[in-house]
Amino acid sequence: QVQLVESGGGLVQAGGSLRLSCAASGRINRIHAMGWYRQAPGKQRELVADIISGGSTDYADSVKGRFTISRDNAKNTVYLQMNSLKPEDTGVYYCNAETVSYTLARVTTWGQGTQVTVSS
């Protein structure tokens, strides 16, 4: 089993910053990728940023230049530094991990989500 624990969400004013953390635990042989998605009420879940095992990253156009994704492989943890936050960044942010078990099973896991609210 794989578990994801998210933290760092909250309420901030426009222009402020938050840092989200997501720690993966359980039976993990290798992490292929970890990332962050978000979903606003009545909207479809969308990719915010992800990072692949080789170090490459991918960002939504709406957050490029403002958000930075990083990882600590020793801790199986991914971070999302969010700067210059805008009201349209408001939503529930979900951590995602694609992992490989010791039996080489491929597993996709989602966190419970953490609320980010940006006031204008």
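Residues numbered from 1 in each chain as written. Predicted model: local features only at pLDDT ≥ 70, side-chain atom pairs only at ≥ 80, totals over all residues. Heavy atoms only, no water.

(A) Seen up close, the overall build of the chain. A count of helical and extended segments in the chain gives zero helices and 11 strands. The globule rule puts the C-alpha radius of gyration for 120 residues at 14 Å, and the 14 Å found for the chain is close to it. With the principal axes as the frame, the chain shows a C-alpha extent of 50 × 25 × 20 Å. Expressed as a percentage of the 120 residues in the chain, the buried residues total 39%. Counting only carbon and sulfur atoms, one obtains 46% of the accessible surface of the chain, whose full area is about 6,600 Å². Side-chain charges of the chain comprise 12 positive and 9 negative groups, with the mean position of each set lying 4 Å from the other. (Helix = DSSP H or I, 4+ residues; strand = E, 2+ residues; numbered from the N terminus. Rg over C-alpha atoms; globule rule 2.2 N^0.38 Å. Buried < 20%, exposed > 50% of the residue type's maximum accessible area, 1.4 Å probe, protein only. Areas by Shrake-Rupley, 256 points an atom, 1.4 Å probe, with all protein chains shown as cover. Lys, Arg positive; Asp, Glu negative; His and termini not counted. Charge placed at Lys NZ, Arg CZ, Asp CG, Glu CD.)

(B) Representation of the nonpolar core. Judged by nonpolar contacts, the single largest core of 28 residues is most densely connected at Met34, Trp36, Leu80, Met82 and Tyr93. Those elements that place two or more of their residues in this core are strand 1 (2-7), strand 3 (18-26), strand 4 (30-39), strand 5 (46-52), strand 7 (67-72), strand 8 (77-82), strand 9 (91-100) and strand 11 (114-119). Every residue in contact with Tyr93, bar those within four places of it in the chain, is listed here: Glu6, Leu20, Trp36, Tyr37, Arg38, Val48, Phe67, Leu80, Met82, Gly113, Thr114 and Val116. (Core = buried A, V, L, I, M, F, W, Y, C linked by side-chain atoms within 4.5 Å. Contact = heavy atoms within 4.5 Å.)

(C) Summary view of the side chain of Ser21. Of note, Ser21 is situated in strand 3. Classification of Ser21 by relative accessible area gives buried; the value is 14%. Apart from the residues lying within four places of it in its own chain, the contact partners of Ser21 are Val5, Glu6, Ser7, Trp36, Val78 and Tyr79.

(D) Layout of the state of the cysteines. Applying the stated criterion across every chain, the model contains one disulfide. The side chain of Cys22 participates in a disulfide bridge whose partner is Cys95; the two sulfur atoms lie 2.0 Å from each other. Taking the sign of the S-S torsion, -85 degrees for the link of Cys22 and Cys95, the bridge is left-handed. With a gap of 73 residues between them, Cys22 in strand 3 and Cys95 in strand 9 connect regions that are remote in the sequence. No difference in accessibility class separates Cys22 from Cys95, as the two residues are buried. (Disulfide = S-S within 2.5 Å.)

(E) Geometry of the pattern of salt bridges. A full pass over the atoms with the stated rule returns four salt bridges. Beyond isolated ion pairs, a larger network of salt bridges with shared partners links Arg38, Glu46, Arg66 and Asp89. (Salt bridge = Lys/Arg side-chain N within 4 Å of Asp/Glu carboxyl O.)

(F) Highlighting the packing of aromatic side chains. Following the criterion strictly, the structure yields one aromatic pair and no others. Pairing Tyr37 with Trp110 gives two aromatic rings, centres 4.9 Å apart and planes at 65 degrees, and the pair type is edge-to-face. Taken as a pair, Tyr37 in strand 4 and Trp110 in strand 10 (residues 106-110) lie far apart in primary sequence, 73 residues in all. By relative accessible area, Tyr37 is classed as partly exposed at 22%. According to the relative accessible area criterion, Trp110 is partly exposed, its value standing at 37%. Between Arg45 and the ring centre of Tyr94, over which it is positioned, the NZ or CZ distance is 3.8 Å. Seen from the ring of Trp110, Arg45 lies directly overhead, with NZ or CZ sitting 4.7 Å from the centre. (Phe/Tyr/Trp six-rings, centres within 6.5 Å; stacked < 30°, edge-to-face > 60°. Lys NZ or Arg CZ within 6 Å of the ring centre and 35° of its normal.)

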